[in-house]
Structure formats: structure tokens, C-alpha cells
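So the chains spell out like this:
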Amino acid sequence: MTVYIDPPAWPGHGRMWSHLVSDVSYDELHLFAAELGVPFRAFERDHYDLPSHRYADAVAAGAVEIGSKELVRRLTRAGLRRPKGRPAPSGRD
């Protein structure tokens, strides 16, 4: 299982956020997030938003640190990128 995380560089709600993605499947991503204790409500289209204080937890659990541009490249190359405006399926994939 390989899940990727970018640095917490995205501001929102008074904190900084990272993105957690898989380049294999949404099932892999959902499993990793569940094992990490990340609620499904943090899933947005093709990634989980993870607050900066959980970054080290994700890395310790096995998430691979990569830059934001590389994260998007891997997600796109895997065919898992869901740009804004493209509806996500309801529930878990």
C-alpha cells in the first residue's frame, strides 16, 4: 500500500492542511484513512484533507511525503483525479 501526502501548505478554517491520496485506488485510500482514524467527511473528490497536526501521524503510518505538484501528477497519471465540477460518487468507492 502506497499513500502519498503533500506538505501542509493549504490554508483553511484557521489552520494549514495537507492532501492524502493513493495512486492505486480509492479503496486503498479509504482503508489507510480509516486506519489512521480520519473521518470520511474529510474526503473531498479524490483526496482526504488532513490538518497539519496530523501530518506526522500519516507519515509514521506509512504515507510517503511528496510535493504538491508531484501528488497531482501521480493522481492524474493513475486516472484518479477528479477536478472540481466533476461529481464524486456517493459514499465510499
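Structure: see above.
Here goes a summary of the coordinates provided. Just so it is clear, the model here is predicted, and its values are computed rather than measured. (Residues numbered from 1 in each chain as written. Predicted model: local features only at pLDDT ≥ 70, side-chain atom pairs only at ≥ 80, totals over all residues. Heavy atoms only, no water.)

## Things to note about the pattern of salt bridges
Here is step 1: By the definition in use, this model includes six salt bridges.
Here is step 2: One salt bridge in this structure joins Asp 57 and Arg 54, with 2.7 Å as the shortest N-O distance.
Here is step 3: With a relative accessible area of 35%, Asp 57 lands in the partly exposed category.
Here is step 4: With a shortest N-O distance of 2.8 Å, Glu 70 and Arg 74 are connected by a salt bridge. (Salt bridge = Lys/Arg side-chain N within 4 Å of Asp/Glu carboxyl O. Buried < 20%, exposed > 50% of the residue type's maximum accessible area, 1.4 Å probe, protein only.)

## Here's the deal with the packing of aromatic side chains
Here is step 1: All told, the structure shown has three aromatic pairs when counted by the stated rule.
Here is step 2: Between the aromatic rings of Tyr 26 and Phe 43, the centroid separation amounts to 6.1 Å while the plane-to-plane angle is 80°, which identifies the pairing as edge-to-face. Here Phe 43 lies in strand β4 (residues 43-44) and Tyr 26 lies in helix α1 (residues 26-36), a separation of 17 residues in the sequence.
Here is step 3: The exposure class assigned to Tyr 26 is buried, which follows from its relative accessible area of 9%.
Here is step 4: You can call Phe 43 buried: its relative accessible area is 14%.
Here is step 5: Their ring planes at 55° and their centres at 5.2 Å tell us that Phe 43 and Tyr 48 sit as a pair that is tilted. Grouping residues by exposure puts Phe 43 and Tyr 48 together as buried. (Phe/Tyr/Trp six-rings, centres within 6.5 Å; stacked < 30°, edge-to-face > 60°. Helix = DSSP H or I, 4+ residues; strand = E, 2+ residues; numbered from the N terminus.)

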